[in-house]
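Chain by chain, the residues run as shown.
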Amino acid sequence: MTSHQHTARKAPGELHDTDRRGALIVLTDVYKQHGSTTALQGLSLTVPRGAIFALLGPNGCGKTTTLKLLLGMNRPDSGTGTVFGLRMEDERDSVAIRQRTGFVSETKELFQGFDVATTIRLVRDMYPRWDASLERELLTRFVLPPRQKVAALSKGMRAKLALLVACCRRAELLILDEPTDGLDPAAAEQMMETLVGMVAETELTVLLSSHHLHEVERMADGAAIMREGRVVLHGELDELRQRVRRVEVRFSANDTSLASSETPSVIRGSGVPAHSDMLSDVTALLPDATDLLHTVQRGSAMTLLVRGEAEVVAQEFVARGAQVSVHAVPLRELFLLLTEARA
């Protein structure tokens, strides 16, 4: 049975052995409309169990909408999604998903009128599986003042308190919307260290949205880059570092076999139509299991973003008389290329 099939009804909160392996979250071809605005258009995503996984993308690309769908705060217009093998679009399953999931919103919503100790007690009473030892550990680590009103806490302290109450309920999945946004470097560092430590010590899975790429590079195991409501690149960070390359190609000025006038950026596999002879010529050179993620051409120079056998692609161009160089692509450059590209 695949992770997105649902043939047997589960009791809320029940953890089957099939849930313990492989993907914890699977979204397939999800669409979501907010009024006249299309928030998601064919989004597909897989998040592995026991990992820290980041959703990256510019404002308005659909990150927060995706998180809300997973939490049952919205329903998809079409497409399917599972968390723990439970269907997010099913009302009963959605309740079971929330029972096993902790959430920290971008606004770090808490009981503003209560002090820290009262806030923790109120949340603790809601969850019979509350981890008192973890509560004590995080209270000490975060140096949270028990008698201070939540409304008087700094943004960093509110973020730490929100993380504490989300983690101590023994959630199996932690969903964080811009968790370090607005935090000073020391507070952001402490939050990252806490998350990495918890994932290493438990079966916790963390899905977070962020635009802080340097933090994602340091703590995440994998990432999906989103643009205009869909995922344009997805994978483990180590694999992306090893397999994605920028190939710079330059032909002599009088060689027009693959060079032509300036060609706009193209994303393959993202729904953006390929419409140039140049692109079809280039894709014909790609070996199996190699994808052309982005390309731009200016005169006799062409830049390709390749995932896979970049050296083989380079050799094909060298055989055609071009000067070629191959470069590693930092996450920041990869993000900018794929989110700023336009067909």
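Residues numbered from 1 in each chain as written. Predicted model: local features only at pLDDT ≥ 70, side-chain atom pairs only at ≥ 80, totals over all residues. Heavy atoms only, no water.

Student: Can you tell me about the overall build of the protein chain, naming the residues and giving the values?
Tutor: Broken down by element type, the protein chain carries eleven helices and 15 strands. For the protein chain, buried positions account for 50% of its 343 residues. As presented, the protein chain carries roughly 15800 Å² of accessible surface, and 49% of it is formed by carbon and sulfur atoms. (Helix = DSSP H or I, 4+ residues; strand = E, 2+ residues; numbered from the N terminus. Buried < 20%, exposed > 50% of the residue type's maximum accessible area, 1.4 Å probe, protein only. Areas by Shrake-Rupley, 256 points an atom, 1.4 Å probe, with all protein chains shown as cover.)

Student: Break down unusual backbone geometry for me, with residues and values.
Tutor: Phi is positive for Asp 29, which is not a glycine, with a value near 55°. As for its placement among the helices and strands, Asp 29 is situated in strand 1 (residues 23–34). Take Asp 29: its relative accessible area is 40%, and that puts it in the partly exposed class. Residue Glu 178 is not a glycine yet carries a positive backbone phi of 50°. Structurally, Glu 178 is set in the loop between strand 7 (173–177) and helix 6 (185–201).

Student: Which residues make up the sheet that holds strand 1, and what values go with them?
Tutor: Pairing is antiparallel in the open sheet, where four strands are placed in the order 2-1-4-5. Two strands bound the open sheet, and with one partner strand each, they are strand 2 (37–48) and strand 5 (86–87). Here strand 1 runs beside strand 2; their pairing, made up of nine bridges, is antiparallel. In the strand pairing of strand 2, Tyr 31 is matched with Gln 41. (Pairing = 2+ DSSP bridges.)

Student: Tell me about empty space enclosed by the protein, and name the residues and values.
Tutor: Under the criterion given, the structure shown has one cavity of 30 Å³ or more. Lining the largest cavity we find Pro 179, Thr 180, Leu 208, Ser 210, Glu 215, Val 216 and Met 219. (1 Å grid on protein atoms, 1.4 Å probe; cavity = no way out; pocket = protein on both sides within 12 Å on 5 of 7 lines; lining within 4 Å. Points joined across faces, edges and corners; volume = space filled by probe spheres on them.)

Student: Can you lay out the packing of aromatic side chains for me, pointing to particular residues and giving the numbers?
Tutor: Here the structure, examined in full by the defined rule, presents one aromatic pair. Note on Phe 251 and Phe 317: the rings are 6.2 Å apart at their centroids and 70° apart in plane angle, and the pair reads as edge-to-face. Linking Phe 251 in the loop between strand 11 (244–250) and strand 12 (263–266) with Phe 317 in helix 10 (residues 310–319), this pair joins segments that are 66 residues apart in sequence. A relative accessible area of 0% places Phe 317 in the buried class. The ring of Phe 84 is capped by Arg 100, whose NZ or CZ atom sits 3.9 Å from the centre of that ring. (Phe/Tyr/Trp six-rings, centres within 6.5 Å; stacked < 30°, edge-to-face > 60°. Lys NZ or Arg CZ within 6 Å of the ring centre and 35° of its normal.)

Student: So what about the packing of helix 4 (residues 132–142) against helix 6? Which residues, and what values?
Tutor: Between helix 4 and helix 6, whose axes approach to 12 Å, the crossing angle comes to 155°. Here helix 4 lies roughly antiparallel to helix 6, going by the angle between them. Classified by chirality, the crossing of helix 6 by helix 4 is right-handed. Contacts from Leu 134, Leu 138, Arg 141 and Phe 142 of helix 4 reach helix 6 at Gln 190, Thr 194 and Met 198. Looking at the contact of helix 4 with helix 6, its residues break down into four nonpolar, two polar and one charged. (Axes fitted to C-alpha atoms, helices over the stretch in contact; angles between N-to-C directions. Parallel < 35°, antiparallel > 145°, perpendicular 65-115°, else oblique. Left-handed = near helix turned anticlockwise from the far one by under 90°. Contact = heavy atoms within 4.5 Å. Nonpolar A, V, L, I, M, F, W, Y, C, P; charged D, E, K, R; others polar.)

Student: I'd like a description of the pattern of salt bridges, backed by residues and values.
Tutor: On inspection of all chains with the given rule, the structure shows 17 salt bridges. Residue Arg 100 pairs with Glu 172 through a salt bridge whose shortest N-O separation is 3.1 Å. One end of the pair, Arg 100, is in the loop between helix 2 (91–99) and strand 6 (101–104); the other, Glu 172, is in the loop between helix 5 (155–167) and strand 7, with 72 residues separating them in the sequence. Arg 243 is the salt-bridge partner of Glu 239, the closest N and O atoms lying 3.9 Å from each other. (Salt bridge = Lys/Arg side-chain N within 4 Å of Asp/Glu carboxyl O.)

Student: Break down the sheet that holds strand 6 for me, with residues and values.
Tutor: Sheet architecture is open: six strands sit in the order 6-7-8-3-9-10, paired in mixed fashion. Both edges of this open sheet fall to strand 6 and strand 10 (230–236), since each of them pairs with a single strand only. If you compare each strand with its neighbour and ignore which way they point, the axes differ by 15° on average. Here six bridges tie strand 9 (residues 222–227) to strand 10, and the two strands are oriented antiparallel to one another. Residue pairing in the sheet places Arg 227 in a bridge with Arg 230 of strand 10. Sheet strands in contact with helix 11 (residues 331–340) are strand 3 (52–56), strand 9 and strand 10, and its direction is about 25° off that of strand 9.

Student: A description of the packing of helix 3 (residues 116–124) against helix 5 should follow, citing residues and the corresponding values.
Tutor: The packing of two helices is summarised by the inter-axis angle and the distance between the axes. In contact at an axis separation of 10 Å, helix 3 and helix 5 are set at 25° when each is read in the N-to-C sense. Relative to helix 5, the element helix 3 is oriented roughly parallel. When you trace helix 3 past helix 5, the crossing you get is right-handed. Of the residues in helix 5, those touching helix 3 at Val 116, Thr 119, Ile 120 and Val 123 are Leu 161, Leu 164 and Val 165.

Student: Kindly report on the state of the cysteines, identifying the contributing residues and their values.
Tutor: Note on terminology: disulfide describes a covalent bond linking the sulfur atoms of two cysteines. Enumeration over the complete set of coordinates arrives at zero disulfides. Summary of cysteine pairing: Cys 167 is not part of a disulfide, and the nearest cysteine sulfur, belonging to Cys 168, is at 6.7 Å. (Disulfide = S-S within 2.5 Å.)

Student: Any details on the confidence of the model for the protein chain? Residues and values, ideally.
Tutor: Mean pLDDT over the protein chain: 82, with 84% of residues reaching 70 or higher. Model confidence for the protein chain, summarised as mean pLDDT per element, is weakest for strand 12 at 41 and strongest for strand 3 at 95. Low pLDDT (under 50) marks residues 1–20, which in the prediction has 40 contacts with non-local residues, meaning those over four places away or in another chain. Segment residues 260–277 is flagged for pLDDT under 50; beyond a separation of four residues in sequence, or across chains, it makes 43 contacts in the model. (pLDDT = per-residue confidence, 0-100.)

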